[in-house]
Structures are given as structure tokens and as C-alpha cells.
Amino acid sequence: MDEAFQVSAGSGATALVSLEHVNKHFGDLHVLNDINMTVKRGEVVVVIGPSGSGKSTLCRAINRLESIDDGNITIDGEELPAEGKSLAHLRADVGMVFQSFNLFAHKTILENVTLGPIKVRKLSKSQAREEGMELLKRVGVDNQAEKYPAQLSGGQQQRVAIARSLAMHPKVMLFDEPTSALDPEMINEVLDVMTDLAKEGMTMIVVTHEMGFARKAANRVVFMADGRIEEENTPEEFFTNAQSPRAKDFLSKILTH
Ligand SMILES: Nc1ncnc2c1ncn2[C@@H]1O[C@H](COP(=O)(O)OP(=O)(O)OP(=O)(O)O)[C@@H](O)[C@H]1O
Ligand SMILES: [Mg+2]
């Protein structure tokens, strides 16, 4: 693997992402209720749970797109900065891929991937293009580099979105239902890219109901309900032997689809 793509090794600490007693309300709604969670370097955690349980809010809080009321979130031992330059830095450490592809519509595929490295990582244009092309190749869309997002399929766009995040050399990647807006035939091409990333040692937090991915790539499944972590286990144990009534109920619903 090209060294530019390796997860930055960092220093000894094993917890790359740590949440301690994190609480958040939206008005009366306790959307994150005393969340405690640690994600180790190289670990892949799948977050699963019913609609409205707080999964997206959790991701957004880790990336500081959403503030928290109290508690502590650290990335690689550093607390989340409130704003300003250090926040931009943190955002670069935490890559995020959303359900909607969020590419810049008026920029080419390659420009989408080189913009951040040029602006934030201060790469030269030619360095950024070289790295960008390698990343596009890695996700299988290098032949689309000069096109615009609207000319690509949803699956291709989502793979570009992953490449764009990777171009910032993040320490951890967050995925919030990255395949749920895709036509069924495109889901696997995106999951395959994510599975490869996981195998290469990327630290990942993935909100998804794709159990095949969870089984193949996740070290741990975290089940959320009503803003709480109800249960967590290995994928095998969770899917075959869930303990809490909420988890059993949820699984019975998604398994019968
Ligand atoms: N900006 C906001 N203002 C007020 N309420 C919000 C806001 N964002 C989310 N909520 C509420 O917080 C709760 C958790 O939302 P969140 O999007 O985190 O759930 P989720 O688990 O990601 O659900 P889904 O599976 O549908 O994506 C929901 O009840 C939602 O309506
Ligand atoms: Mg959500």
C-alpha cells in the first residue's frame, strides 16, 4: 500500500475516538443520553438502531458538526476544539461520508478530491492531482476524473466522496448510512470499497443496516435506542444472540425485509 494512504500511526494511545458521558438535548428530547464509547485505532464499529435513536447525531457530535451539552469527546487524545483553525484541523482528522453524496456540483471529480489537500494540506496542484488520481483509482473511478458529479451514478459519486475524505489523510472515517440512498445494484460497489478500507486498517465508525458488511468488516456492533447505547457485541453474537428486547425487536424487523 502507498504510504500516503496509510492511517497515520500516531503515538501509543490505543483509544483513537473516545466519548465519555456525552449528553445532548434538542429541546426536551434527550438525543444522546450518557454515551460512553471507545474506538481503538484500526477498529471498525458499526452503529445500528431504529430511526431517531441518535445515530446521525452521534456522528455529527464526533465531527463537531453538532455541539454537546456535557461530557467529553477526544480524537487521538485531543479534546474537540470549539472553533477556528484547530477545528478545521480536527475536521481533517475525521473524514465523514453522508447518505447524500455532497460533492461540489460545479467541480470535476478530480477537483473535488484535490480541493481540500490544496487548501488545507497545502499540497501543490501537481502533488494533489497525483495523489487524487491514485485515490480515484483505488475506488475505481479514475476514468471519470474529468467529469462532473451529475454525470456519475450514485455509487460512483459515493466512491468519489470516500476518495475525497481519504485525500485529507483522516485518522478516522465516519460513515452515516452511505448506501441507503443508492439503487440496490450500486450498494455493493460502495461496501466493497469500505471493506477494503477496513482491511487496510482504517479506523471506522459506520452507521449502516447492511449486516453483510457488519459481519465481514466490523469488530463490534453498537446498538442504539432512544439516545442510549443499549447493547454492544461482536457482529456474530449481536446478530445471532441479541440480549435486549429493543435489539431483538429491531433485528426481527430488519431481518424480515
Ligand atoms: N437539528 C435538530 N433539531 C431538533 N431535533 C433534531 C435535530 N436533529 C435531529 N433531531 C431529532 O433527534 C433525534 C435523533 O435524530 P438522529 O438523526 O440522530 O437519528 P438517527 O438515529 O440518525 O435516525 P435515522 O435512522 O432516521 O437516520 C430524532 O428524534 C430527530 O428528530
Ligand atoms: Mg440518521
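Residues numbered from 1 in each chain as written. Chains lettered and ligands numbered in written order. Predicted model: local features only at pLDDT ≥ 70, side-chain atom pairs only at ≥ 80, totals over all residues. Heavy atoms only, no water.

Looking at the pattern of salt bridges
- A full pass over the atoms with the stated rule returns 14 salt bridges.
- Among the ionic pairs, D76 bridges to R41, the shortest N-O distance being 2.9 Å. Placement of the pair is D76 in the loop between β4 (70-75) and β5 (78-79) and R41 in the loop between β2 (29-40) and β3 (44-48), with a sequence separation of 35 residues.
- A salt bridge links R159 to E189; the shortest N-O distance between them is 2.9 Å. Taken together, the residues R159 in helix α5 (residues 154-166) and E189 in helix α6 (residues 184-199) connect sequence positions 30 residues apart.
- With relative accessibility at 10%, the residue R159 sits in the buried group.
- Judged by its relative accessible area of 25%, E189 is partly exposed.
- Linked by salt bridges that have partners in common, R41, D76, D93 and K171 make up one network. (Salt bridge = Lys/Arg side-chain N within 4 Å of Asp/Glu carboxyl O. Helix = DSSP H or I, 4+ residues; strand = E, 2+ residues; numbered from the N terminus. Buried < 20%, exposed > 50% of the residue type's maximum accessible area, 1.4 Å probe, protein only.)

Here's the deal with the packing of aromatic side chains
- Taken as a whole, this structure holds three aromatic pairs when the rule is applied.
- With a centroid separation of 5.5 Å and an interplanar angle of 70 degrees, the aromatic rings of F238 and F239 are classed as edge-to-face.
- With a relative accessible area of 0%, F238 lands in the buried category.
- By relative accessible area, which is 10% here, F239 ends up buried.
- Feature note: the residues F223, F238, F239 and F250 constitute an aromatic cluster, connected by ring pairs.
- When the ring centre of F104 is taken as origin, the NZ or CZ atom of R164, which lies over that ring, is 5.0 Å away. (Phe/Tyr/Trp six-rings, centres within 6.5 Å; stacked < 30°, edge-to-face > 60°. Lys NZ or Arg CZ within 6 Å of the ring centre and 35° of its normal.)

Brief notes about the site of ligand 1
- Around ligand 1, the structure places F26, L29, V31, P50, S51, G52, S53, G54, K55, S56, T57 and E177.
- Between ligand 1 and T57 there is a distance of 2.5 Å, counted from an oxygen atom to a side-chain nitrogen or oxygen.
- E177 places a polar side-chain atom, nitrogen or oxygen, 3.5 Å from an oxygen atom of ligand 1.
- Elements supplying a minimum of two residues to the shell around ligand 1: β2 and α1 (55-62). (Near = heavy atom within 4 Å. Polar contact = N/O pair within 3.5 Å; in protein donor to acceptor, adjacent residues only side chain to side chain.)

Points about the pairing of strand β6 (residues 94-97)
- Neither face of β6 is left uncovered, since the one carrying V94 and M96 and the one carrying G95 and V97 both have all their residues buried.
- Note that β6 and strand β7 (residues 172-176) share four bridges and pair parallel. When the bridges of β7 are listed, G95 appears paired with M173. (Pairing = 2+ DSSP bridges.)

Some points on the nonpolar core
- Of all hydrophobic cores here, the largest spans 50 residues; its most connected members are L136, I162, F175, M194, M204 and F238.
- Ranked by residue count, the leading element in this core is α6, at eight residues.
- Counting residues in each nonpolar core, the second largest holds 27 residues, with L19, L58, A61 and I62 among its members. (Core = buried A, V, L, I, M, F, W, Y, C linked by side-chain atoms within 4.5 Å.)

Description of the packing of helix α3 (residues 109-119) against α5
- Between α3 and α5, whose axes approach to 8 Å, the crossing angle comes to 25 degrees. Classified by the interaxial angle, the pair formed by α3 and α5 is roughly parallel. In this structure, α3 crosses over α5, and the sense of that crossing is right-handed. Together, I109, N112 and V113 of α3 and V160, A163 and R164 of α5 make up the contact between the two elements.
- For the contact of α3 with α5, a count of residues per class yields four nonpolar, one polar and one charged. (Axes fitted to C-alpha atoms, helices over the stretch in contact; angles between N-to-C directions. Parallel < 35°, antiparallel > 145°, perpendicular 65-115°, else oblique. Left-handed = near helix turned anticlockwise from the far one by under 90°. Contact = heavy atoms within 4.5 Å. Nonpolar A, V, L, I, M, F, W, Y, C, P; charged D, E, K, R; others polar.)

Points about the sheet that holds strand β1 (residues 15-26)
- In spatial order, the strands read β2-β1-β4-β5; together these four strands make up an open sheet with antiparallel pairing. Edge positions in the open sheet fall to β2 and β5, since each of these has one partner strand only.
- Where β1 and β4 come together, five bridges link them in antiparallel fashion. Note on β4: the bridge partner recorded for N23 is D70.
- Contacts from α1 reach β1, β2 and β4 within the one sheet, and its direction differs from that of β2 by about 60 degrees.

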